[in-house]
There are 2 protein chains.
Amino acid sequence: MSQLPLKAYLESRREIVDMALDRVLPGEDAAPSTVHRAMRYSVLAGGKRLRPILVVASAEAVGGSAEQVMDTACALELIHTYSLIHDDLPAMDDDDYRRGRLTSHKVFGDAIAILAGDALLTLAFHLIAANAARGADPKVVCQVVAEVAEAAGTSGMVGGQVVDIESEGKAITADTLDYIHTRKTAALIRVSMRAGAMLAGARPAALARIGDAGQRLGLVFQIVDDILDVEGTLAELGKTAGSDERKKKVTYPAYHGIEASKRRARELIVEAKAALEPLGPAAEPLRALADYILERKN
Amino acid sequence: MSQLPLKAYLESRREIVDMALDRVLPGEDAAPSTVHRAMRYSVLAGGKRLRPILVVASAEAVGGSAEQVMDTACALELIHTYSLIHDDLPAMDDDDYRRGRLTSHKVFGDAIAILAGDALLTLAFHLIAANAARGADPKVVCQVVAEVAEAAGTSGMVGGQVVDIESEGKAITADTLDYIHTRKTAALIRVSMRAGAMLAGARPAALARIGDAGQRLGLVFQIVDDILDVEGTLAELGKTAGSDERKKKVTYPAYHGIEASKRRARELIVEAKAALEPLGPAAEPLRALADYILERKN
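Residues numbered from 1 in each chain as written. Chains lettered and ligands numbered in written order. Predicted model: local features only at pLDDT ≥ 70, side-chain atom pairs only at ≥ 80, totals over all residues.

Chemist: Would you mind showing me how to read the overall build of chain A here?
Modeler: The helix and strand tally for chain A stands at 15 helices and two strands. Taking 19 Å as the expected radius of gyration for a compact globule of 298 residues, we find that chain A reaches 18 Å, a close match to that expectation. Overall, chain A is about 50 × 45 × 35 Å in size when its C-alpha atoms are taken along their principal axes. Each of the 298 residues in chain A was classed as buried or not, and the buried ones make up 58%. Taking the contacts inside chain A whose residues are at least 6 apart along the sequence as the reference set, 70% of them involve residues at least 24 apart. (Helix = DSSP H or I, 4+ residues; strand = E, 2+ residues; numbered from the N terminus. Rg over C-alpha atoms; globule rule 2.2 N^0.38 Å. Buried ≥ 20, exposed ≤ 12 C-beta atoms within 10 Å, placed from the backbone. Contact = placed C-beta atoms within 7 Å.)

Chemist: What should I look at first to understand the nonpolar core in this one?
Modeler: One recurring pattern in soluble globular proteins is that nonpolar side chains are buried together. Membership of the largest hydrophobic core comes to 211 residues, with the highest contact counts inside it found for Ala116, Ala129 and Val145 of chain A together with Ala116, Ala129 and Val145 of chain B. Non-local contacts of alanine 116 of chain B, meaning those with residues more than four positions away in its chain, are made with Val35, Ala38, Met39, Ser42, Ile85, Ser104 and Phe108 of chain B. (Core = buried A, V, L, I, M, F, W, Y, C linked by C-beta atoms within 7 Å.)

Chemist: What is the right way to look at the interface of chain A and chain B in this model?
Modeler: Many analyses report the size of an interface as the accessible area lost when the parts associate. Taken together, the contact between chain A and chain B spans 41 residues of the former and 41 residues of the latter. Of all the elements in the fold, those that place two or more residues in the side of chain A that touches chain B are α2 (33-43), α6 (110-130), α7 (138-152) and α8 (157-167) of chain A. A per-element tally of the side of chain A that touches chain B places α6 of chain A first, with 13 residues.

Chemist: Honestly, α6 of chain A in this entry has me stumped. Any pointers?
Modeler: Think of an α-helix as turning once every 3.6 residues; residues three or four places apart then point the same way. With 21 residues, α6 of chain A extends 30 Å between its outermost C-alpha atoms, agreeing within 8% with the 30 Å of an ideal straight helix rising 1.5 Å per residue. Counting buried positions over the 21 residues of α6 of chain A gives 20, a clear majority of the element. (Expected span 1.5 Å × (residues − 1).)

Chemist: Explain the packing of helix α4 (residues 66-88) of chain A against helix α9 (residues 174-199) of chain A to me, please; I cannot follow it from the model alone.
Modeler: Relative placement of two packed helices is described by the angle separating their axes and the distance separating the axes. All names here are of chain A. Two elements in contact, α4 and α9, have axes whose closest approach is 10 Å; the angle formed by their N-to-C orientations is 165°. Classed by the angle they form, the pair α4 and α9 counts as roughly antiparallel. Once α4 is placed against α9, the crossing between them reads as right-handed. Contacts from Gln68, Val69, Thr72, Leu76, Ile79 and His80 of α4 reach α9 at Leu188, Ser192, Ala195, Gly196 and Leu199. Partitioning the contact of α4 with α9 into residue classes produces six nonpolar, five polar and no charged. (Axes fitted to C-alpha atoms, helices over the stretch in contact; angles between N-to-C directions. Parallel < 35°, antiparallel > 145°, perpendicular 65-115°, else oblique. Left-handed = near helix turned anticlockwise from the far one by under 90°. Nonpolar A, V, L, I, M, F, W, Y, C, P; charged D, E, K, R; others polar.)

Chemist: Explain the relation of the copies chain A and chain B here, please?
Modeler: Superposing the two chain copies requires a rotation about an axis and a translation along that axis. Rotating chain A by 180° and moving it 0.0 Å along the rotation axis overlays it on chain B with an RMSD of 0.0 Å. The superposition of one copy onto the other is thereby described by a two-fold rotation axis. Of the C-alpha atoms belonging to chain A, the one lying closest to the rotation axis is found on proline 138 of chain A, 2.6 Å away. (Least-squares fit on C-alpha atoms with pLDDT ≥ 70 in both.)

Chemist: I keep staring at the environment of serine 167 of chain A and nothing clicks. Help me out?
Modeler: Residues and elements named next belong to chain A. Secondary-structure assignment places serine 167 in helix α8. Here serine 167 falls in the partly exposed class, since 18 other C-beta atoms lie within 10 Å of it. Those residues within four positions of serine 167 in sequence are excluded, and the remaining contacts are Ile172, Thr176, Ile180 and Val250.

Chemist: Which parts of the structure should I look at to understand the packing of helix α8 (residues 157-167) of chain B against helix α9 (residues 174-199) of chain B?
Modeler: All names here are of chain B. The interhelical angle for the contact between α8 and α9, taken along N-to-C directions, is 145°, at an axis separation of 7 Å. The handedness of the crossing between α8 and α9 is left-handed. Across from Met157, Gly159, Gly160, Gln161, Val163, Asp164 and Ser167 in α8, the residues of α9 making contact are Thr176, Tyr179, Ile180, Arg183, Lys184, Ala187 and Leu188. Grouping the amino acids of the contact of α8 with α9 by side-chain chemistry returns six nonpolar, five polar and three charged.

Chemist: Just checking my understanding: could you explain the confidence of the model for chain A for this structure?
Modeler: For residues with low pLDDT, the predicted coordinates do not support detailed interpretation. Put simply, chain A has an average pLDDT of 94, and 96% of its residues get 70 or more. As a predicted assembly, this complex carries a pTM of 0.96 together with an ipTM value of 0.96. (pLDDT = per-residue confidence, 0-100.)

Chemist: Quick question: what am I supposed to make of helix α15 (residues 284-295) of chain A here?
Modeler: Over its 12 residues, α15 of chain A runs 17 Å from end to end, which matches the ideal 16 Å to within 8%, given 1.5 Å per residue. Within α15 of chain A, the full set of buried residues consists of Pro285, Leu286, Arg287, Ala288, Leu289, Ala290 and Ile293 of chain A.

Chemist: Is there a simple way to explain unusual backbone geometry in this structure?
Modeler: Trans is the common state for peptide bonds, and a negative phi is the common state for residues other than glycine. For the bond from alanine 31 of chain A to proline 32 of chain A, the omega torsion is -5°, close enough to zero to count as cis. Mapped onto the elements, proline 32 of chain A comes out in the loop between α1 (3-24) and α2. One non-glycine residue, arginine 99 of chain A, lies in the positive phi region at around 50°. Along the chain, arginine 99 of chain A falls in the loop between β1 (97-98) and β2 (101-102). The backbone phi angle of aspartate 94 of chain B is positive, close to 55°, even though this residue is not glycine.

Chemist: How do you make sense of the environment of aspartate 93 of chain B when you look at a structure like this?
Modeler: Residues and elements named next belong to chain B. Position of aspartate 93 among the secondary structure elements: in the loop between α4 (66-88) and β1 (97-98). Under the C-beta neighbour-count criterion, aspartate 93 is labelled partly exposed, with 19 such atoms within 10 Å. Those residues in contact with aspartate 93 that sit more than four places away from it in its chain are Asp87, Asp88 and Lys247.

Structure representation (structure tokens):
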């Protein structure tokens, strides 16, 4: 898949994900409208939709369809968005901008921002579970709920965020840095890919390969995020550049240097694509996504 | 069931619930320990365990066992606790005491309190879903996840909290008061009872009766809570009495008067017990719990 088809693929998938997100989110007119407005404000702010697109591409890689995984794809984006809303709170990272607009608490106040995050996390599990009433195998759905919860909880995303906060301004080891990256970012990206594959009926060997690639793509995503925070601009990123350094966040380039970070990211992408190789042409979009995650500018 | 057997029933059930909660919560030694300590601090603070006991009693009312619903019972207590931690935050109700001890953010800070709440909500869905890998019917488990998520989300608990916050200090209608009570408290109590019954294989008619009774018990629970806030003491409640009035919260007694509130609570209990009547002797603990919810002093 050359550069142009990937761009078309990403755009078409992002479009169907955006439409689905608009459909699954409660309307602004429905009571209580404040929290529904806050949920829609943050989710429909136009992110890359990387996690839902990975859910879809992983389903397609093992012969499934976008349609059968769309609600679960949306759920992963809602969980990602909830984590951003809570991370941006004054009590946490205290960020004013996200995805190019004011953060939730700057617009709706801290209380509604906290509740909007809570509601998005809750709605995510509703969407995943309700899939069983629409024809998905309930046993697989239960496994997806359990795995997503694990990836989002204290052995995953929440755990990474806790250690991230606790490490600010401290000298840390390479192990701690890996701990944070693996949990804070890679866990959710990995489970996005596993969830898509599981719902599409992947055999155990294919599922293992997709999870393995997902872990690596997740790490690359975070390394590139850290590099962009050093090299990018507000206009490119939609959030304040240089914020990691200002907040004394531990980052991959701060620890290993920019060049070693870029090299490590490239290695991980080679490994991820090698893991996906035996899946054949159906996994072509997934392999193209691997390149995109490495080369993205925002 | 006379007063004494109920007391013994409550104590025995509270004991097995407390043991199960201790088992399902990550240990304080496991990394990241700060958030695990915060989770355990709030959950193991010794609440009434009403929601998990209602899960168990509802399962038993239709011939099920405590064991088969225990993880889901724990999940309902975790969701209840997460909502208390977030509600108590300075950005929300700003409470210093809960269950007779300092609130989570007073001990661990706002960031960890937010994350501990997030983690408890996430772990709750993990516990419900993982039940399918231990022999529960996956189709029923998916339905329980979906119903619990609905009861906890913007059409339930979060929605009630939003309208509660937005109504502080305002003149509101009886409809708004009912809206808040139905969603903020009754939804989770109702779904606790439905979840227990569903997992125990309740037939549709029995399930409808249990849900119907649950809705009424939930409303009584909130009305009695409001009355206790007027009439109780810190020692009895484990939280500051009179806080509703201080915070200009809308309450049932403030709107309808104490006597009318007590009358309404008694009526609802009569109706709840009537709904449970056809379930026979197996529902005796559930009916005794109805009296307990009406007569409790904390």
